[in-house]
Structures are given as C-alpha cells and as structure tokens.
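These are the residues of each chain, in order.
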Amino acid sequence: MIEVKPLWINGEPFTAISVQLPKTTLLAVANDKGYIMCGALDIALLNEKLRDRGIIAGRAVGVRTIDQLLEAPLESVTFAAEQLGISRGMKGKDALLLMK
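Owing to the predicted nature of the structure, the values given are computational and were not obtained by experimental measurement.

Trainee: Hey, could you go over the overall build of the chain for me, with residue numbers and the actual values?
Mentor: From N to C terminus, the chain includes four helices and six strands. When the elements of the chain are put in sequence order from the N terminus, they spell out β-β-β-β-α-β-α-β-α-α. The C-alpha radius of gyration computed for the chain amounts to 12 Å, which stays within 12% of the reference 13 Å derived for 100 residues, consistent with globular compactness. If you sum the accessible surface of the chain, you get close to 6,000 Å²; carbon and sulfur atoms cover 53% of it. Each charge sign in the chain was given a centre, from 12 positive and 11 negative side chains, and these centres are 3 Å apart.

Trainee: I'd like a description of the pattern of salt bridges, backed by residues and values.
Mentor: Evaluated as defined, the whole model comprises three salt bridges. Residues arginine 59 and glutamate 75 are paired through a salt bridge, measuring 2.8 Å at the closest nitrogen-oxygen approach. Remark: glutamate 75 occurs in the loop between helix 2 (66-71) and strand 6 (76-77) and arginine 59 occurs in strand 5 (residues 56-59); sequence separation between them is 16 residues.

Trainee: Talk me through unusual backbone geometry; I want residue IDs and the actual numbers.
Mentor: A positive phi angle, near 50°, is found at asparagine 10, a position not held by glycine. Position of asparagine 10 among the secondary structure elements: in the loop between strand 1 (2-9) and strand 2 (12-21). Classification of asparagine 10 by relative accessible area gives exposed; the value is 68%. The residue lysine 23 is not glycine, and still its phi comes out positive at about 65°. Note that lysine 23 resides in the loop between strand 2 and strand 3 (24-30). By relative accessible area, lysine 23 is classed as exposed at 88%.

Trainee: Explain the sheet that holds strand 2 to me, and be specific about the residues and the numbers.
Mentor: Taken in spatial order, the six strands line up as 1-2-3-4-5-6 in an open sheet, and their pairing is mixed. Two strands bound the open sheet, and with one partner strand each, they are strand 1 and strand 6. Across two bridges, the pairing between strand 5 and strand 6 is antiparallel. Within strand 6, the residue paired with glycine 58 across the bridge is valine 77.

About the cut-offs
- Residues numbered from 1 in each chain as written.
- Predicted model: local features only at pLDDT ≥ 70, side-chain atom pairs only at ≥ 80, totals over all residues.
- Heavy atoms only, no water.
- Helix = DSSP H or I, 4+ residues; strand = E, 2+ residues; numbered from the N terminus.
- Rg over C-alpha atoms; globule rule 2.2 N^0.38 Å.
- Areas by Shrake-Rupley, 256 points an atom, 1.4 Å probe, with all protein chains shown as cover.
- Lys, Arg positive; Asp, Glu negative; His and termini not counted.
- Charge placed at Lys NZ, Arg CZ, Asp CG, Glu CD.
- Salt bridge = Lys/Arg side-chain N within 4 Å of Asp/Glu carboxyl O.
- Buried < 20%, exposed > 50% of the residue type's maximum accessible area, 1.4 Å probe, protein only.
- Pairing = 2+ DSSP bridges.

Put into structure tokens, the structure is as follows:
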C-alpha cells in the first residue's frame, strides 16, 4: 500500500509518503526543495554519483512511522543539505524547516 498525505510543520507544507513493502516500509517527507527519508536512502550515492544534482536530503535510521521520522536525529545528510545548515544529529522536522 502507498499512502501520500499532506503534512504541515510550523505552518509549512510538506508531503508525507509511506510505501509498505514486504518486511519493510519506506518513509519520506518532502517539499519542492528537499526531503528526509528512512534508512533505505543511500546518502553516499547522492553525495558521490549524483553530487552534481545538488540533492538536499537527510537519512534517519530505525524509524517505522512518519512521526518517528520527524523526531529522529538524522544519521547522515547530503553535502547540499549541509550548505543549508542541516547537520547530522538534527531532528528530521528541524531539517525540513530549513528546506524552505
């Protein structure tokens, strides 16, 4: 099942996406500038092979719900996210608010 819902954080609009797959659920919260995602996100790939795209993204591990993704500390972030002030250890929702 795929679930896509609007999500508001401090008055800012985002889209929450949940994809249930066998034995795992992919989670992401995005806006038109960037996104955070569960542990399935490959930050190294984005930073190395796709660096020229300047993708703004962060990865949180061990999360099973959108609420957990928003509250979890980011385990890794892309170089482009760092340029916005997003850093490892920052809560997902705080990182999203810097993606304006």
